Amino acid sequence: QVQLVEAGGGLVQAGGSLRLSCAASGRTFRRYAMGWFRQAPGKEREFVAYIDWDGAITRYADSVKGRFTISRDYAKNTVYLQMNSLKPEDTAVYYCAADPKVRGYYYTENAYDYWGQGTQVTVSS
């Protein structure tokens, strides 16, 4: 069983930055692929970013490419999402998720077995 706890959300002005963190429990964290998703009010949850188990492969949604960076720290069992040049349309609850089987279809919720509780990000214009 894996527990994921997100932190780092908040209110920021457009153009600002935030860094989200996702702390994972469990010794097998280093073998998991990890993803970030977000859900805006009235919308479905959508893929944001992905990092594979060894950090060699990252993927991003087109809407955040060039502005967001996903990374992981194995010593801290933590995955990060650095968000720069934030826009009002980035406002959402952000969730991290773990895929222990490294399924590959990283852009869908079905690839992930474990989810955090979410952290709110609000970008004002």
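For the structure itself, look to the data block above.
Reading guide: rules and limits
- Residues numbered from 1 in each chain as written.
- Predicted model: local features only at pLDDT ≥ 70, side-chain atom pairs only at ≥ 80, totals over all residues.
- Heavy atoms only, no water.
- Phe/Tyr/Trp six-rings, centres within 6.5 Å; stacked < 30°, edge-to-face > 60°.
- Lys NZ or Arg CZ within 6 Å of the ring centre and 35° of its normal.
- Salt bridge = Lys/Arg side-chain N within 4 Å of Asp/Glu carboxyl O.
- Helix = DSSP H or I, 4+ residues; strand = E, 2+ residues; numbered from the N terminus.
- Buried < 20%, exposed > 50% of the residue type's maximum accessible area, 1.4 Å probe, protein only.
- Core = buried A, V, L, I, M, F, W, Y, C linked by side-chain atoms within 4.5 Å.
- Contact = heavy atoms within 4.5 Å.

**Student:** Tell me about the packing of aromatic side chains, and name the residues and values.
**Tutor:** Enumeration over the complete set of coordinates arrives at seven aromatic pairs. Ring-pair connections join several aromatic residues into one group, and the members of that group are Phe-37, Phe-47, Tyr-50, Tyr-106, Tyr-107, Tyr-112 and Trp-115. Taking the ring centre of Trp-115 as reference, the NZ or CZ of Arg-45 above it sits at 4.0 Å. Taking the ring centre of Phe-29 as reference, the NZ or CZ of Arg-72 above it sits at 4.6 Å.

**Student:** If you had to explain the pattern of salt bridges to someone new, which residues and values would you point to?
**Tutor:** Inspection of every chain in the model, using the stated rule, returns seven salt bridges. Of the charged contacts in the structure, one is a salt bridge between Arg-38 and Asp-90, with a shortest N-O distance of 2.9 Å. Within this pair, whereas Arg-38 is found in strand E4 (residues 33-39), its partner Asp-90 is found in the loop between strand E8 (78-83) and strand E9 (92-99), the two being separated by 52 residues in sequence. Residue class for Arg-38 comes out buried when judged on its relative accessible area of 5%. The salt bridge involving Arg-45 is made with Glu-109; its shortest N-O contact spans 2.9 Å. On the criterion of sequence distance, the pair formed by Arg-45 in the loop between E4 and strand E5 (46-51) and Glu-109 in the loop between E9 and strand E10 (114-115) is long-range, its members being 64 residues apart. We classify Arg-45 as partly exposed; its relative accessible area is 24%. Taking relative accessible area as the criterion, Glu-109 reaches 31% and is therefore assigned partly exposed. Each of the salt bridges in this network shares a partner with another, and the network as a whole consists of Arg-38, Glu-46, Arg-67 and Asp-90.

**Student:** Give a detailed account of the nonpolar core, specifying residues and quantitative values.
**Tutor:** Counting residues in each nonpolar core, the largest one holds 37 residues, and the members touching the most others are Leu-4, Met-34, Trp-36, Leu-81, Met-83 and Tyr-94. Once residues lying within four places of it in the same chain are set aside, the contact partners of Leu-81 are Leu-18, Arg-19, Leu-20, Trp-36, Val-48, Ala-49, Phe-68, Thr-69, Ile-70 and Tyr-94.

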